[in-house]
Amino acid sequence: MTQTQKVTPVLLGSDMNVYGMARSFYELTGQPVDAYARIQLAPTRFSKIVTVHTVADFDSDPTFINTMLKLKEKYRHVDGKVLLIACGDTYAELISKHKAELSDVFICPYVDYDLLKQLNDKENFYKMCDKYRLLYPKTKIITKQMYENKAGLTVPFDFPVALKPADSVEWLNINFEGRKKAFIVHSQAEFLNIVSKIYDNGYTSDLILQDFIPGDDSNMRVLNAYVDHNHHVKMMCLGHPLLEDPTPGSIGNYVAIVPEYNQDIYDRMQKFLEEINFTGFANFDMKFDRRDNTFKLFEINIRQGRSSFFVTLNGYNLAKWLIEDYVTGDLDAQPTVYGNKDVTKHQLWLGVPKKVFEKYAAPSDAKNEAMHLLSIGHYGTTVFYNKDMSFKRRLLLTYMFYKYNGRFKRYFNENKNN
């Protein structure tokens, strides 16, 4: 990259996703990056490659836009392009909402706000799935009005069923004892109790009630894609999660992923992204349904996921697509890359200690592959980075990973639903 092609990334957040993006940029440019967030989280502490600047209430307006308008003046005269990259749902929504105000200084690789709202709301996303013939679990919408009127709160599927918020951004601000990212419900009484807690504690949007697709964590798939500014898909990388975090507030967060190749999934999702004129990173969660041998979509995230460093780890550096799209201009002429057909190049991504993975991941052919990758040293993590490993940072990260032993011992069997 020449001096005239200089890039300055500005990251929003301070979690593992931020560190993964910072590391991806650092591996390409050798330059540390700045991040802005409401609070400082452990994955980015004591780092030499990312500096986190905390701003109280930064994840909501008016603080967000007021702060960003000040930052515009800071970055207005820097050499080269300035990329503004969200590493969480709230920040992605805020960038999209204020894109017109920010784009004179920052490159904002996000869809327009109206489309983002449709995609972020699971109810509207499933309507789009119907339109584009994408499969998802059988679904019933539960509204606050149903709860208030005590009408329509019936479950049309066999138990267990899945229950989750339609608006993932609003859900971030809801707190009560027993709160989870998603619930697996085993009876009508439990269903009514959870709905009551949710709406009594301030949630106002709809809930998604779904037929529960049987099977352990190894039935999940996660697809990461990058779509250029001309709405052409340029990279797709499919991951096969083997284990998820069982902690109530983190259910659904992947902690072990091996690559997988599936051209049918790539083709279907590429067609969808290009037909809706998507831009930027997309992250899809889906699950294999053995009852009809299909993959069913759960959601799309309008950003790279917290575990998406597995893409960089497997040779498709996340930062590369942004730089070649918006800085060097090289991406337009390149063909679409579909990740990881060559199994000899596979790398296992881990977000927990190796022993936790070995003990708790369910037996499967994919786990056998993962164990082989471990045995030959083809694995890595997002946060343990040899070029950024001071004594304090290593101590913190070792403790952060060690705590997973207790989490799995306490919660794994409680949340196991095969």
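Residues numbered from 1 in each chain as written. Predicted model: local features only at pLDDT ≥ 70, side-chain atom pairs only at ≥ 80, totals over all residues. Heavy atoms only, no water.

### Regarding the sheet that holds strand β6 (residues 161–165)
Argument step 1. Read across the open sheet, the 4 strands follow the order β5-β8-β6-β7; overall the sheet is antiparallel. For this open sheet the edge positions go to β5 (139–142) and β7 (183–185), each flanked by a neighbour on one side alone. Neighbouring strand axes in the sheet, compared pairwise and without regard to direction, differ in orientation by 25° on average.
Argument step 2. Examined bridge by bridge, β5 and strand β8 (residues 207–211) share 4 bridges and lie antiparallel to one another. If you follow Lys140 over to β8, its bridge partner there is Leu209.
Argument step 3. On top of the sheet, helix α6 (residues 122–131) reaches β5, β6 and β8; it is set at about 50° to β8, its chief contact. (Pairing = 2+ DSSP bridges. Helix = DSSP H or I, 4+ residues; strand = E, 2+ residues; numbered from the N terminus. Axes fitted to C-alpha atoms, helices over the stretch in contact; angles between N-to-C directions. Contact = heavy atoms within 4.5 Å.)

### Topic: the packing of aromatic side chains
Argument step 1. Enumeration over the complete set of coordinates arrives at 23 aromatic pairs.
Argument step 2. With centroids separated by 5.8 Å and ring planes inclined at 45°, the aromatic side chains of Phe125 and Tyr126 adopt a geometry described as tilted. Considered together, Phe125 and Tyr126 belong to a single accessibility category, that of buried residues.
Argument step 3. On the numbers, 6.4 Å between centres and 65° between planes, the contact of Phe272 with Phe284 is edge-to-face. You can see Phe272 sitting in helix α10 (residues 263–275) and its partner Phe284 sitting in strand β12 (residues 280–289), a full 12 residues away along the chain. Both residues of the pair, Phe272 and Phe284, count as buried.
Argument step 4. Here a set of aromatic residues connected by ring pairs shows up, and it is made of Phe125, Tyr126, Tyr132, Tyr136, Phe272 and Phe284.
Argument step 5. The ring centre of Phe46 lies 4.9 Å from the NZ or CZ of Arg45, which sits over that ring.
Argument step 6. Across the ring face of Trp321, the terminal group of Lys320 is positioned such that the distance to the ring centre comes to 3.8 Å. (Phe/Tyr/Trp six-rings, centres within 6.5 Å; stacked < 30°, edge-to-face > 60°. Buried < 20%, exposed > 50% of the residue type's maximum accessible area, 1.4 Å probe, protein only. Lys NZ or Arg CZ within 6 Å of the ring centre and 35° of its normal.)

### Some words on the nonpolar core
Argument step 1. The biggest cluster of nonpolar side chains holds 69 residues, and the ones touching the most others in it are Met21, Phe25, Val50, Leu84, Phe106 and Leu322.
Argument step 2. Of all hydrophobic cores here, the second largest spans 50 residues; its members include Val185, Ile198, Met269 and Phe272. (Core = buried A, V, L, I, M, F, W, Y, C linked by side-chain atoms within 4.5 Å.)

### Observations concerning the pattern of salt bridges
Argument step 1. Overall, the coordinates contain 21 salt bridges when judged by the stated rule.
Argument step 2. A salt bridge links Arg23 to Glu27; its shortest N-O distance comes to 3.2 Å. With Arg23 and Glu27 both in helix α1 (residues 16–29) and 4 residues apart, this pair spans about one turn of that helix.
Argument step 3. Given a relative accessible area of 38%, Glu27 falls into the partly exposed group.
Argument step 4. As a salt-bridge pair, Glu73 and Arg76 come within 2.9 Å of each other at their nearest N and O atoms.
Argument step 5. The class for Arg76 is partly exposed, based on a relative accessible area of 34%.
Argument step 6. Bridged by salt links that share partners, the residues Asp211, Asp289, Arg291, Asp292 and Lys296 form one connected network. (Salt bridge = Lys/Arg side-chain N within 4 Å of Asp/Glu carboxyl O.)

### A few points about the UniProt feature "domain: ATP-grasp" (unreviewed entry) in the protein chain
Argument step 1. As annotated in UniProt, the feature "domain: ATP-grasp" (unreviewed entry) corresponds to residues 126–327 in the numbering used here.
Argument step 2. For residues 126–327, the end-to-end C-alpha separation is 35 Å, with 28% helix and 31% strand making up the annotated structure. (UniProt positions renumbered as here; feature names shortened; annotations may be inferred.)

### Some words on the packing of helix α3 (residues 89–97) against helix α5 (residues 113–120)
Argument step 1. Contact pair α3 / α5: the axes reach a minimum separation of 9 Å and the direction vectors enclose 155°. With respect to their mutual orientation, α3 and α5 come out roughly antiparallel. Both α3 and α5 take part in a crossing whose hand is left-handed. Across the interface between the two elements, Ala92, Glu93, Ser96 and Lys97 of α3 pack against Tyr113, Leu116, Lys117 and Asn120 of α5.
Argument step 2. Its residues assigned to classes, the contact of α3 with α5 comprises 3 nonpolar, 2 polar and 3 charged. (Parallel < 35°, antiparallel > 145°, perpendicular 65-115°, else oblique. Left-handed = near helix turned anticlockwise from the far one by under 90°. Nonpolar A, V, L, I, M, F, W, Y, C, P; charged D, E, K, R; others polar.)

### Focus on empty space enclosed by the protein
Argument step 1. With the rule as written, the count across this model stands at 1 cavity of 30 Å³ or more.
Argument step 2. Taken as a whole, the largest cavity holds about 30 Å³ of empty space.
Argument step 3. Lining of the largest cavity is provided by Met16, Asn17, Gly20, Met21, Gln304, Gly305, Arg306, Ser308, Phe309, Leu318 and Thr382.
Argument step 4. Among the elements that take part in the lining of the largest cavity, α1 stands out by supplying 4 residues, more than any other.
Argument step 5. For the lining of the largest cavity, the class distribution of residues is 4 nonpolar, 6 polar and 1 charged. (1 Å grid on protein atoms, 1.4 Å probe; cavity = no way out; pocket = protein on both sides within 12 Å on 5 of 7 lines; lining within 4 Å. Points joined across faces, edges and corners; volume = space filled by probe spheres on them.)

### Observations regarding the sheet that holds strand β3 (residues 50–54)
The pairing of strands in a sheet comes from backbone hydrogen bonds and takes either a parallel or an antiparallel form.
Argument step 1. Overall, parallel pairing links the 4 strands, which are arranged β3-β2-β1-β4 in an open sheet. Two strands close off the open sheet at either side, each with one partner strand: β3 and β4 (81–86). With direction set aside, neighbouring strand axes in the sheet form an average angle of 25°.
Argument step 2. Bridge count between strand β1 (residues 7–12) and β4: 6 bridges; the pairing is parallel. Paired with Pro9 across the bridge in β4 is Leu83.

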